[in-house]
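Fold and contact review
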Amino acid sequence: MSKNYIVGFPRVGEKRELKKALESFWAKNSSFNEVKKVASELKKHHWLYQKNAGIEYISSNDFSLYDNMLDMIVTLGATAKRFKNLENEELYFAMARGDKNAVALEMTKWFNTNYHYIVPELSLEDEYKLDASKIIDEYNEAKALGIKTKINIIGPLTFLGLSKRVDAKDTYALLDKILPIYKELLKELSKLDAKITLQIDEPIFVKDSELRVLKFIKNTYDTLADVSENIKIVVCTYFEHSTEATEILVDTPIWAIGLDFLYGDENIKSLPLIGKSGKKLIAGVVDGRNIWKNDISKTISLLDSISKKVDKKNIIVSSSCSLLHAPFTLKYEKNLDSDIKNWLSFAVEKLDEISLISKLFLDELNEDDKEKIELNKKANKSRKTSALIHDKEVQNRVENITKLQRDGKYEDRIKLQKEILSYNDLATTTIGSFPQTPEVRKARRDFKSGDISKLEYEKQMKNYIDECIKFQEKCGIEVLVHGEPERNDMVEYFGEQLKGYGFTQNGWVQSYGSRCVKPPFIYGDISRPKPMTVDWMIYAASKSDKIMKGMLTGPVTILNWSFIRDDKPKDEVSKQIAVSLSDEIDDLQNAGIKIIQVDEAAFKEGYPLRDAKIEVYEKWAVRDFKISVSKAKKETQIHTHMCYSEFNDIIDTIENMDADVISIETARSGNELLKIFKQTGYKQEVGPGVYDIHSPRVPTVEEIVKQIEMLLEVLPKKQLWINPDCGLKTRKWEEVKPSLENMVKAVKIVREKI
Ligand code: GLN
Ligand code: ZN
């Protein structure tokens, strides 16, 4: 029988059933039993999908009501102190979402994906205690359905590596306390059946910034493998190579190693060692985090080259990572162009691919399968040559552009800009969006569904823009924005207008808890058929005598928040986007827009997991930001916005982007982090957010005065802008109005003082 394997499966449900069940429970419209019922149905459904596709290694405990790291917190009894009086689902959801007595645990990005996990808070005082019930129940649930699952857990080194200590820095110092609980867990699991396969996820091994973890691997896995002969341990990594860890793992008594051969091509180097060790290799060869149909011929040649070093009978064909990061199924996509749809493959379709590939690899194809292979070849061939994708004109233009950056040195530009724009020191502005009210959302929905005409839609949007402008004028803000009501999302809005971009109806991917996002996807060469924001900006600018700031999303962010092509290098796609944006900027300035902000919210999250790859990333990311603003005249002021505050390691790169003004998020992290701007002699203007928009709280005037005074200790007033720390679209007007009024008052007070 063919050997195949799935690292993990999506859990929200093909119609986001879990989301609906959870949100109804949280809103107190249904009981927790209702949630459990939906969860059981989903698990069953998901197991059967995998079984029917012919998958041999199907997981249990990949399901979660919120997050797998959070589940592991419960399993280990690693509950932060402030939740100690809670239990069961109350405890679980309080840690995830907070309750009236305790703020939630932090949440942060899972490696370089857009999934967010809950960050455990640990301390030396903790007394860990095993609770294996969820894992055991889920295993038995599957078994009752006739499915013997492998069990997924997060490994001790990754758990610690992703945790934070409340009492000190070093989380690995807690290994001695955590490891015994893992041992107990394995002991419990060993009682479940005569043979148990246990997948222990250790993605922390792919980060070279965490290489200090290497010294713990040998002892940890010697210890765990020693617990019971009934347990076959698979140590699984993904998203990058883990060659350093593999070198150590081959010398421990684990059963198998799971590696990602798509995003971690260097894993190939470990093959001789794995081959010699006689261990099984879970070969991640089908992309678990993208949407493209596998090129089966290509995958078979990859497997053939792997099998030169590792005995074929030890190779198990697998997804490169959990399919959690891919949308669920193509089944509900009714609007896609049939050619394009034929190039795609979501989680459910990937199951068939993995099954088919493993059969082909082992020469077990039947007639039906052979036909499927032919269809796969055909689809891939059509994608390679389709005119939908390949646009010679775009390629030529992008290849041959020579203007790579704007004219003039920063010092000369800013002088000119200050003369023309004549804004004050400590000039006030906002980051772009204003509250997306229910009415705004409804208008957009109605327009999309054809319930209101384009004219009616635009009328409503313009009314809203009028309101935003009126408020800003009254409030006394100096550089205005139009408020972005016409944008559902800062990437989708541009994707919808660029050629080469596709959209799904149901391609949801879990972002955190019950939240899902539906990223657009880039399938072809990118160009801009016509201006995207110019009419809106002309309208807004005509409504006020003050400066109206134009608003675009930058190339790196557009790229990072989309599914991307796998048939073209990332940097080429990014350059195509940049060239399209450069035309937009030119059109905006020719229409009289004097300040244009190019948001790079996701610039930092695009950083590679491996240090060795950072230089290459920074090079094209900076190149393409500069290309996108290359046509800006000296007197056109370019702003950028970034959604974070830690600039220490990338300050030179940011400076090289050569924006005239950068607004950043500092409100939550204090001014410590801002010192880097001073230390490095950063010369461009900076707008460190003076209050936190992520909370509904209205900051007081005094608070903001203090914040500005603190900023002035670090940066001179002529270099400072005053603004909130991000866009206001998730906030309500009741919060936004007083907050911005207080911000303007605070600036007045500070100006009088100095
Ligand atoms: N201009 C965008 C807004 O205000 C920026 C948002 C972001 O960077 N996340 O919504
Ligand atoms: Zn932001």
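One can find the structure itself at the top, above this paragraph.
Just so it is clear, the structure is predicted and the values come from calculations on it, not from any experiment.

Let's talk about the pairing of strand E10 (residues 256–260)
A large share of E10 lies buried, amounting to five of its five residues. Side-chain alternation along E10 places Ala 256, Gly 258 and Asp 260 on one buried face and Ile 257 and Leu 259 on a second face that is also buried. Pairing of strand E9 (residues 231–236) with E10, which is carried by three bridges, proceeds in the parallel orientation. Bridge pairing in E10 links Cys 236 to Gly 258. Crossover E9 to E10 through helix H9 (residues 243–249) is right-handed.

Here's the deal with the pattern of salt bridges
Scanning all chains against the criterion turns up 55 salt bridges. Notably, a salt bridge pairs Arg 610 with Asp 208, separated by 3.7 Å at the nearest N-O pair. Separated by 402 residues along the polypeptide, Arg 610 in the loop between strand E20 (595–599) and helix H23 (614–628) and Asp 208 in the loop between strand E8 (196–201) and helix H8 (214–225) bring together distant segments of the chain. Of the two residues examined, Arg 610 and Asp 208, each falls in the buried class. Across the salt bridge formed by Arg 383 and Asp 566, the nearest N and O atoms sit 2.7 Å from each other. Highlighted residues: Arg 383 in helix H14 (residues 367–385) and Asp 566 in the loop between helix H21 (555–560) and helix H22 (570–590), separated in sequence by 183 residues. One salt-bridge network, held together by shared partners, links Arg 383, Asp 525, Arg 565, Asp 566, Asp 567, Lys 568 and Glu 572.

Looking at the nonpolar core
Ranked by size, the top nonpolar core spans 130 residues in total, and within it Trp 110, Phe 159, Phe 205, Tyr 221, Ile 233 and Leu 303 carry the most contacts. The element best represented in this core is helix H7 (residues 175–190), accounting for eight residues. When sequence neighbours within four positions are dropped, the list of residues in contact with Tyr 221 reads Gly 155, Pro 156, Leu 157, Ile 200, Glu 202, Phe 205, Ile 233, Val 235, Leu 249, Thr 252, Pro 253 and Ile 254. Tyr 464, Leu 559, Phe 677 and Val 686 belong to the second largest nonpolar core, which has 91 residues in total.

Remarks on the site of ligand 1
Surrounding ligand 1, one finds Ile 431, Gly 432, Ser 433, Glu 484, Met 490, Met 551, Asp 599, Ala 601, His 641, Cys 643, Cys 726 and Gly 727. Separating a nitrogen atom of ligand 1 from a backbone N or O atom of Ile 431 is a distance of 3.1 Å. Glu 484 is positioned with one of its side-chain polar atoms (N or O) 2.8 Å from a nitrogen atom of ligand 1. Protein burial of ligand 1: of its 290 Å² of free accessible surface, 90% is covered by the chains. A class-by-class count of the residues in the shell around ligand 1 yields six nonpolar, four polar and two charged.

A short note on the side chain of Lys 279
Here Lys 279 shows up in the loop between helix H10 (271–277) and strand E11 (280–286). Polar contacts involving the side chain of Lys 279 include one to the main-chain carbonyl oxygen of Ile 254, which spans 3.0 Å. Contacts of Lys 279, omitting those with residues within four sequence positions, involve Leu 249, Val 250, Thr 252, Pro 253, Ile 254, Trp 255, Ile 257, Ile 274 and Asn 314.

A short note on the coordination of the zinc ion (ligand 2)
Protein coordination at the zinc ion (ligand 2): the donors are His 641 (NE2), Cys 643 (SG) and Cys 726 (SG), at 2.0 to 2.2 Å from the metal. Each donor residue of the zinc ion (ligand 2) lies on one chain, and together they are spaced H-x1-C-x82-C.

Focus on the packing of helix H13 (residues 347–361) against H14
Packed helix pairs are specified by the crossing angle of their axes together with the interaxial distance, meaning the distance between the axes. Contact geometry of H13 with H14 gives a least axis separation of 11 Å together with a crossing angle of 110 degrees. With respect to H14, the element H13 is oriented roughly perpendicular. Here the hand of the crossing between H13 and H14 comes out left-handed. Between H13, through Leu 356, Lys 359 and Leu 360, and H14, the contact on the second element is made entirely by Asp 369, Lys 372 and Ile 373.

Let's talk about the sheet that holds strand E22 (residues 661–664)
By definition, the strands of a sheet pair up through backbone hydrogen bonds, in either a parallel or an antiparallel sense. Spatially, E14-E19-E20-E21-E22-E23 is the arrangement adopted by the six strands of the open sheet, whose pairing is parallel. Whereas interior strands pair on both sides, the edge strands pair on one side only; in this sheet they are strand E14 (479–480) and strand E23 (685–688).

Let's talk about H7
Compared with the 22 Å implied by 1.5 Å per residue over 16 residues, the 22 Å span of H7 between its first and last C-alpha is a close match. When H7 is considered as a whole, its buried residues turn out to be Leu 175, Ile 178, Leu 179, Ile 181, Tyr 182, Leu 185, Leu 186, Leu 189 and Ser 190.

Some details on the side chain of Asp 71
Within the element layout of this structure, Asp 71 appears in helix H3 (residues 68–76). Apart from the residues within four sequence positions on either side, Asp 71 is in contact with Phe 63, Ser 64, Tyr 92 and Lys 134.

Thoughts on the packing of helix H18 (residues 454–475) against helix H27 (residues 733–753)
The interhelical angle for the contact between H18 and H27, taken along N-to-C directions, is 30 degrees, at an axis separation of 9 Å. Taken together, the axes of H18 and H27 are roughly parallel relative to one another. In this structure, H18 crosses over H27, and the sense of that crossing is right-handed. Residues Tyr 464, Cys 468, Phe 471 and Cys 475 of H18 form the contact with H27, whose participating residues are Trp 733, Lys 737, Leu 740, Glu 741 and Val 744.

So, the sheet that holds strand E6 (residues 150–154)
Read across the open sheet, the eight strands follow the order E1-E12-E11-E10-E9-E8-E6-E2; overall the sheet is parallel. With partners counted over all chains shown, the strands left at the sheet margins are strand E1 (4–5) and strand E2 (59–60), one partner each. Inspection of the sheet shows E11 paired to strand E12 (residues 315–319) by five bridges, in the parallel sense. Its bridge partner being in E12, Gly 284 is matched across the sheet by Ser 318.

Examining unusual backbone geometry
Positive phi, normally seen in glycine, also occurs at Leu 426, with a value near 55 degrees. Relative to the helices and strands, Leu 426 is located in the loop between helix H16 (410–421) and strand E13 (427–428). Residue class for Leu 426 comes out buried when judged on its relative accessible area of 0%. Within the chain, Glu 484 stands out as a residue other than glycine whose phi angle is a positive 55 degrees. With respect to the element layout, Glu 484 can be found in the loop between E14 and helix H19 (492–495).

Here's the deal with the packing of aromatic side chains
Under the criterion given, the structure shown has 32 aromatic pairs. Between the aromatic rings of Tyr 644 and Phe 647, the centroid separation amounts to 5.5 Å while the plane-to-plane angle is 40 degrees, which identifies the pairing as tilted. Of the residues examined, Phe 647 reaches a relative accessible area of 0% and is grouped as buried. Taken together, Phe 25, Trp 26, Phe 32, Tyr 66, Tyr 92 and Phe 93 form an aromatic cluster joined through their ring pairs. Positioned over the ring face of Trp 26 is Arg 97, at 3.7 Å from the centre of the ring. One cation-aromatic arrangement involves Lys 232 over Trp 255; the distance from NZ or CZ to the ring centre is 4.1 Å.

Cut-offs used in this document
- Residues numbered from 1 in each chain as written.
- Chains lettered and ligands numbered in written order.
- Predicted model: local features only at pLDDT ≥ 70, side-chain atom pairs only at ≥ 80, totals over all residues.
- Heavy atoms only, no water.
- Buried < 20%, exposed > 50% of the residue type's maximum accessible area, 1.4 Å probe, protein only.
- Helix = DSSP H or I, 4+ residues; strand = E, 2+ residues; numbered from the N terminus.
- Pairing = 2+ DSSP bridges.
- Right-handed = clockwise from strand over helix to strand, strands pointing away.
- Salt bridge = Lys/Arg side-chain N within 4 Å of Asp/Glu carboxyl O.
- Core = buried A, V, L, I, M, F, W, Y, C linked by side-chain atoms within 4.5 Å.
- Contact = heavy atoms within 4.5 Å.
- Near = heavy atom within 4 Å.
- Polar contact = N/O pair within 3.5 Å; in protein donor to acceptor, adjacent residues only side chain to side chain.
- Areas by Shrake-Rupley, 256 points an atom, 1.4 Å probe, with all protein chains shown as cover.
- Nonpolar A, V, L, I, M, F, W, Y, C, P; charged D, E, K, R; others polar.
- Donors = N, O, S within 2.8 Å, 3.2 Å for Na, K, Ca; no water.
- Axes fitted to C-alpha atoms, helices over the stretch in contact; angles between N-to-C directions.
- Parallel < 35°, antiparallel > 145°, perpendicular 65-115°, else oblique.
- Left-handed = near helix turned anticlockwise from the far one by under 90°.
- Expected span 1.5 Å × (residues − 1).
- Phe/Tyr/Trp six-rings, centres within 6.5 Å; stacked < 30°, edge-to-face > 60°.
- Lys NZ or Arg CZ within 6 Å of the ring centre and 35° of its normal.

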